[in-house]
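# Structural overview
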Amino acid sequence: MRQIEVKHKPFIMLAGEVHNSNASSPEYMEKVWDKGQRLGMNSLFLPVTWEMIEPEEGIFDFTIVDKLIMQARERDMHIGFLWFGAWKNAQCYYAPEWVKTDLVRFPRAQVEKGKNFVHLEQFYGMAYTSLSYLGEETKQADAKAFGSLMTHIKEIDEEQQTVVCIQVENETGLQGAGREHSEMADSRFAEDVPQNFVEYMRKHVDTMSPEIAEAVRNGDQNGSWSQVFGKAADEIFSAYHIATFVNYVAKTGKEIYDLPMTANCWLDKGEEPGNYPSGGPVAKMMEVWKYCAPAIDIIAPDIYVPDFCDVCDQYIKCDNPLFIPETETHSLAGSREIYAVGHYHAYAFSPFGFEEMGEAKDDSVMALFGAAMSGTEFSKLQDTDEYHDITRALHELMPELTAKYGTSQLQAAISERQEDAKLVFEKFTFEINFESPLLPAKNGACLVLQKSENEFYLLVKGAAFAATSNDESKPYVDVLLFEEGQICDGVWKRGRRLNGDELVLAVFEKPVLLRIRLFAYA
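The structure reproduced in this document is the subject of the present report. Note that the coordinates shown come from a computational prediction; the quantities given were computed from them, not determined experimentally.

## A short note on unusual backbone geometry
Residues apart from glycine generally show negative phi values, whereas peptide bonds are mostly found in trans. The backbone phi angle of asparagine 89 is positive, close to 55°, even though this residue is not glycine. Mapped onto the elements, asparagine 89 comes out in the loop between β5 (78-88) and α4 (97-100). A positive phi angle, close to 55°, is found at lysine 269, a residue other than glycine. Looking at the secondary structure, you find lysine 269 in the loop between β9 (261-266) and α11 (286-292).

## Quick word on the sheet that holds strand β22 (residues 507-508)
What links the strands of a sheet is backbone hydrogen bonding, and the strands pair in either a parallel or an antiparallel sense. If you walk across this open sheet you meet the four strands as β15-β16-β19-β22, and the pairing is antiparallel. The open sheet terminates on both sides in strands that have one partner only, identified here as β15 (422-424) and β22. Here β15 runs beside strand β16 (residues 428-433); their pairing, made up of three bridges, is antiparallel. Bridged to leucine 423 within β16 is phenylalanine 430.

## Points about the pattern of salt bridges
Considering all chains together, one arrives at 35 salt bridges under this definition. In this structure, the salt-bridge partner of arginine 75 is glutamate 30, at a minimum N-O distance of 2.6 Å. In this pair, arginine 75 sits in the loop between α3 (63-74) and β5 while glutamate 30 sits in helix α1 (residues 26-38), placing the two residues 45 residues apart along the sequence. For arginine 75, a relative accessible area of 13% puts it in the buried group. Residue classification places glutamate 30 among the partly exposed positions, given a relative accessible area of 34%. Salt-bridge contacts for aspartate 157 lead to arginine 73; the nearest nitrogen and oxygen are separated by 2.8 Å. Highlighted residues: aspartate 157 in helix α5 (residues 136-157) and arginine 73 in helix α3, separated in sequence by 84 residues. Salt bridges here are not isolated pairs; linked through shared partners, they connect Glu455, Glu483, Arg494, Arg497, Arg515 and Arg517.

## Observations concerning the pairing of β16
Within a regular strand, the side chains alternate between the two sheet faces. In textbook terms, the turn of a hairpin is the stretch between consecutive antiparallel strands, and for β15 and β16 this stretch comprises three residues. When β16 meets strand β19 (residues 463-469), the two strands line up antiparallel, connected through six bridges. From the neighbouring strand, phenylalanine 430 faces β19, where its bridge partner is alanine 467.

## Some details on helix α8 (residues 210-218)
Three or more residues of α8 are buried, namely Ile212, Ala213, Ala215 and Val216. Taken around the axis of α8, the buried residues stretch over an arc of 160°, which confines them to a single face. When the buried face of α8 is taken as reference, the exposed residues oriented beyond 90 degrees from it are Pro210 and Asn218. Buried residues belonging to α8 abut α7 (195-203), α9 (225-229) and α10 (233-254).

## Things to note about α10
Across its 22 residues, α10 extends 30 Å between first and last C-alpha, which sits within 8% of the 32 Å expected from 1.5 Å per residue. The buried fraction of α10 amounts to 17 of the 22 residues, a majority that puts the element mostly inside the structure.

## Topic: the packing of aromatic side chains
Counting across every chain of the model gives 30 aromatic pairs. A ring pair is formed by phenylalanine 189 and phenylalanine 237, whose centres lie 5.3 Å apart and whose planes are at 90°; its orientation type is edge-to-face. Taken together, the residues span a long stretch of sequence, with phenylalanine 189 in helix α6 (residues 183-190) and phenylalanine 237 in helix α10 at a distance of 48 residues. On the accessibility criterion, phenylalanine 189 (10% relative accessible area) is buried. Assessed through its relative accessible area of 0%, phenylalanine 237 is described here as buried.

## Here's the deal with the environment of histidine 204
With respect to the helices, strands and loops of the structure, histidine 204 is situated in the loop between α7 and α8. Classification of histidine 204 as partly exposed rests on a relative accessible area of 28%. Measuring from C-alpha to C-alpha, the distance between histidine 204 and tryptophan 83 comes to 30 Å, with 121 residues separating the pair along the chain. Within the structure, the side chain of histidine 204 is placed 2.7 Å from the backbone oxygen of tyrosine 200, a separation counted as a polar contact.

## Let's talk about the environment of alanine 413
Within the secondary structure, alanine 413 is located in strand β14 (residues 410-414). In this structure alanine 413 comes out as buried when scored by relative accessible area, which is 1%. Sequence separation between alanine 413 and serine 226 is 187 residues, and the spatial gap between their C-alpha atoms is 44 Å. Apart from residues lying up to four places away in sequence, alanine 413 is in contact with Tyr339, Asp420, Ala421, Leu423, Ile432, Phe434, Ala445 and Cys446.

## Concerning the side chain of asparagine 170
Examined against the element boundaries, asparagine 170 turns out to sit in strand β8 (residues 163-170). Among the polar contacts made by the side chain of asparagine 170, one reaches the side chain of asparagine 89 at a distance of 2.7 Å.

## Things to note about the packing of helix α13 (residues 333-342) against helix α15 (residues 384-396)
At a closest axis distance of 9 Å, the pairing of α13 and α15 adopts a crossing angle of 15°. Taken together, α13 and α15 sit at an angle that is classed as roughly parallel. As α13 runs across α15, the sense of the crossing is left-handed. Contact residues: α13 offers Ala333, Gly334, Ser335, Glu337, Ile338 and Val341, while α15 offers Tyr387, Ile390, Thr391 and Leu394. Class assignment for the residues of the contact of α13 with α15 results in six nonpolar, three polar and one charged.

## Digging into the pairing of β8
By the criterion of burial, β8 is predominantly enclosed, with eight of the eight residues buried. Sheet topology places β5 next to β8; six bridges connect them, and they run parallel. For tryptophan 83, the partnering residue across the bridge sits in β8 and is valine 168.

## Some points on a nonpolar patch on the surface
Where nonpolar side chains cluster on the molecular surface, the patch consists of Tyr476, Leu480, Phe519 and Tyr521 and spans about 390 Å² of accessible area. Listing elements by their share of the nonpolar patch, those giving two or more residues are β20 (476-488) and β23 (512-521). Relative to the elements of secondary structure, tyrosine 521 occurs in strand β23. Looking at tyrosine 521, the relative accessible area reads 32%, which means it is partly exposed.

What counts and how
- Residues numbered from 1 in each chain as written.
- Predicted model: local features only at pLDDT ≥ 70, side-chain atom pairs only at ≥ 80, totals over all residues.
- Heavy atoms only, no water.
- Helix = DSSP H or I, 4+ residues; strand = E, 2+ residues; numbered from the N terminus.
- Pairing = 2+ DSSP bridges.
- Salt bridge = Lys/Arg side-chain N within 4 Å of Asp/Glu carboxyl O.
- Buried < 20%, exposed > 50% of the residue type's maximum accessible area, 1.4 Å probe, protein only.
- Arc of directions from axis to C-beta.
- Contact = heavy atoms within 4.5 Å.
- Expected span 1.5 Å × (residues − 1).
- Phe/Tyr/Trp six-rings, centres within 6.5 Å; stacked < 30°, edge-to-face > 60°.
- Polar contact = N/O pair within 3.5 Å; in protein donor to acceptor, adjacent residues only side chain to side chain.
- Axes fitted to C-alpha atoms, helices over the stretch in contact; angles between N-to-C directions.
- Parallel < 35°, antiparallel > 145°, perpendicular 65-115°, else oblique.
- Left-handed = near helix turned anticlockwise from the far one by under 90°.
- Nonpolar A, V, L, I, M, F, W, Y, C, P; charged D, E, K, R; others polar.
- Patch = residues over 30% accessible without salt bridge, like charges linked within 9 Å, V, L, I, M, F, W, Y side chains within 5 Å.
- Areas by Shrake-Rupley, 256 points an atom, 1.4 Å probe, with all protein chains shown as cover.

What follows is the structure, given as structure tokens:
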């Protein structure tokens, strides 16, 4: 796992991703940066598009890139650039005109044989066209442009490290079918699967999703894609070639400037291949991507479904850290940020379209992508002041947090998974309660960080807690110190000293950072 760093120090991206078009205008971005600051964010995810930097083949323009970097520096914030090259949401929206108009050099993917353009009935009749993942010149041109971008970023930013990571492409995959059906694709599909890849897949069945593991176990040890992978052959074929394409692009850039590189995915949601971008880095294709795309450091899920925790669980296999570049802005956003950092030790958490957080909006477009619009908390707006307080507290705690990443001394609970609301440390257990009558909303979370043997930081929102002793010979617990406050420049600054009613109830509806010292005795 490769941590995000700034000046050789671990960095958690408490970020927001902008709406796709906003980063194309630095003037428009001024108010977007301002909103990010009001929300307490330390970084933004911003698209850089192929058509924007290479409008004519071989002629590059990085004016907008430079202005975005300068805006970040003015606010002491950081950037994760999103490279929209051959793919954006499984389509070629942001490829340059000179690529889109030359179908010979840059062939389109054929979902149906002989067709370069279709309407997807299974996806609300969406018009669909995408560049072929088998296009060699497409891969070379994409990599050349990406390499030029990385060269420029290195020249202007290596010392200051405003840009901390790069996403290579966006939601890659093929819509409408599990694989391409051009004559070239059919020919490649009939060829023998590379033996090294077959052996790798057979050695990694223990981490695979059940249906993929079954297909790999039951397939032949050599032969065509259908013979080796059976019912899963179409999607594995697509994943193999897409991941190889993306790896080539990423490797080209990484050899120039070695920033952490990610690949994000549109979730499959248990659907059949073709009903989502098939062959992209979804959890069930992660083994394929790990083999074919070693230049990609992190596979990142875009989460717009209700079962947030279950999705997170799926993306921490294969030594992959949790990194969320896109998620919803509804009332659970703040609690999920706490939980992602405290439970999963996430490298990034980023609501998409954060510019609209706290504002009523038309969600009909997002509904097409599987975003949950109904349900008590899903339909409520995130309080922006609360989100700021949560994000600010996490940012202040960052050195303490990153020092505990990968250990049991940093844990969290969330109201969406109440069965895991008992946090067990060496000497004490914290029992988290989200059902108090004093908590009207059901969108709570609690992070607990063990600072020393008997001292802890807690970041609590919409929860109550109680501490118990793990030592049967010392069953009683007394509270020696209980204060709210904040950390400024690494120094704890106490607010209220809590006792009496606050100590007895320990219920906190609004986000608060607490410091507590305990004593166990008989």
